[in-house]
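# Observations on the model geometry
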Amino acid sequence: MAIKKRPVSFITSTEVGLSVFLAMIVVFTFILPPLGRIGLAGRLVIDIFFSLLLISGIASLSESKASFLTGAGITVVALVLRWTDHLFPLPALQVADYLATIACVLLFCLIILARVFKSGPVTFRRIEGAIAVYLLLGLAWAYAYQLLEYTDPGSFSGAVTQSGGFSSWTYFSFVTLATLGYGDIAPVHPVARSLATAEAITGQLYLAILIARLVSQELFHRQRRSDE
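Reading guide: rules and limits
- Residues numbered from 1 in each chain as written.
- Predicted model: local features only at pLDDT ≥ 70, side-chain atom pairs only at ≥ 80, totals over all residues.
- Heavy atoms only, no water.
- Salt bridge = Lys/Arg side-chain N within 4 Å of Asp/Glu carboxyl O.
- Helix = DSSP H or I, 4+ residues; strand = E, 2+ residues; numbered from the N terminus.
- Buried < 20%, exposed > 50% of the residue type's maximum accessible area, 1.4 Å probe, protein only.
- 1 Å grid on protein atoms, 1.4 Å probe; cavity = no way out; pocket = protein on both sides within 12 Å on 5 of 7 lines; lining within 4 Å.
- Points joined across faces, edges and corners; volume = space filled by probe spheres on them.
- Core = buried A, V, L, I, M, F, W, Y, C linked by side-chain atoms within 4.5 Å.
- Contact = heavy atoms within 4.5 Å.
- Axes fitted to C-alpha atoms, helices over the stretch in contact; angles between N-to-C directions.
- Parallel < 35°, antiparallel > 145°, perpendicular 65-115°, else oblique.
- Left-handed = near helix turned anticlockwise from the far one by under 90°.
- Nonpolar A, V, L, I, M, F, W, Y, C, P; charged D, E, K, R; others polar.

## Some words on the pattern of salt bridges
What the rule picks out here adds up to 5 salt bridges. Between arginine 43 and aspartate 85 there is a salt bridge whose closest N-O contact spans 2.7 Å. With arginine 43 in helix α2 (residues 40-61) and aspartate 85 in helix α3 (residues 65-87), this pair connects stretches of sequence that are 42 residues apart. For aspartate 85, a relative accessible area of 2% corresponds to the buried category. Here the salt bridges do not stand alone but share partners, grouping Arg43, Asp47, Arg82, Asp85 and Asp97 into one network.

## Here's the deal with unusual backbone geometry
The backbone phi angle of threonine 179 is positive, close to 55°, even though this residue is not glycine. On the basis of relative accessible area, threonine 179 is assigned to the partly exposed category, the value being 41%.

## Observations concerning the layout of surface pockets
The space that makes up the largest pocket amounts to roughly 430 Å³. Elements with a minimum of two residues in the lining of the largest pocket: α2, α4 (91-116), α5 (124-151) and α7 (166-177). Top element by residues in the lining of the largest pocket is α5. It accounts for 4 residues.

## Brief notes about the nonpolar core
In this structure, Ile25, Phe28, Leu136 and Phe156 are the most contacted members of the largest nonpolar core, which totals 54 residues. Of all the secondary-structure elements, those providing two or more residues to this core are α1 (15-30), α2, α3, α4, α5, α7 and α8 (190-227). Excluding residues within four positions of it along the chain, phenylalanine 28 makes contact with Pro33, Ile46, Phe49, Phe50, Leu53, Leu139, Tyr143 and Phe166.

## Re the packing of α5 against α7
Axis separation between α5 and α7 bottoms out at 8 Å; the angle between their running directions is 125°. Regarding the angle of α5 to α7, the classification is oblique. Judged by the sense of rotation from one axis to the other, the crossing of α5 with α7 is right-handed. Facing Tyr134, Leu135, Gly138, Leu139, Trp141, Ala142, Tyr143, Tyr145, Gln146 and Glu149 of α5, the residues of α7 in contact are Phe166, Trp169, Thr170, Phe172, Ser173, Phe174, Thr176 and Leu177. Of the residues contributing to the contact of α5 with α7, the split by class is 12 nonpolar, 5 polar and 1 charged.

## Let's talk about the environment of glycine 183
Within the secondary structure layout, glycine 183 lies in the loop between α7 and β2 (185-187). In this structure the C-alpha to C-alpha distance between glycine 183 and phenylalanine 172, which are 11 residues apart in sequence, comes to 9.4 Å.

## Some remarks on the packing of α4 against α5
At a minimum axis separation of 9 Å, α4 and α5 run at an interaxial angle of 160°. Taken together, the axis directions place α4 and α5 in an arrangement best described as roughly antiparallel. In this structure, α4 meets α5 at a crossing whose hand is left-handed. Taken together, the residues that form the contact of α4 with α5 break down as 22 nonpolar, 5 polar and 2 charged.

Written out as structure tokens, the structure reads:
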């Protein structure tokens with residue numbers, strides 16, 4: 001008599017790791033950014049927490065050796081650049097820091113997306129992964145906006161010129177990603193407008209494709225169970 005194999009659940013070996021990683025993303029995105037306005041001490045707290053976020057992400061999300069080595073390499077580069085920038089605040093190092101951070105965040109998106117869209121039943125961990133990707137996309141664009149404003153001041157107009165700091169970029173990024181469009185911060189540089197347009201489209205397409213994929217996976221899994 002053939003023994004039926006149980007379907008492999010989503011990231012069974014790293015369930016706690018994903019939950020912790022998602023919780024850290026939420027804290028970094030919505031709680032810590034205002035600390036950047038209090039000066040060097042606030043930035044130091046943000047950078048320490050972000051370093052822990054990257055380390056926990058690469059430790060808990062990488063299953064294969066190839067993805068771990070790739071992620072670890074990019075993460076080490078991002079961390080070295082970020083902390084070197086504290087000691088030697090050079091423009092080139094700052095730009096390299098932004099680019100490495102964006103690459104690292106996007107790599108996490110790819111790793112988690114591969115598991116979110118993996119065949120199998122829709123579980124709570126899969127939903128957690130989908131939420132983490134959405135938040136990481138917002139962070140990636142936030143750093144892209146910050147990089148653009150750093151290299152070409154005046155690319156944005158409005159409240160960002162008054163408050164400044166990373167909190168402005170996370171706010172503008174997620175407002176754009178969700179297509180709320182309050183209008184208090186506006187992109188004026190052509191590249192800034194292109195980035196904002198791309199983020200708004202990505203936010204809508206991601207939700208539409210995600211829902212369609214998860215619904216189809218759940219229906220397919222239920223059909224297989226009924227046939228068995």
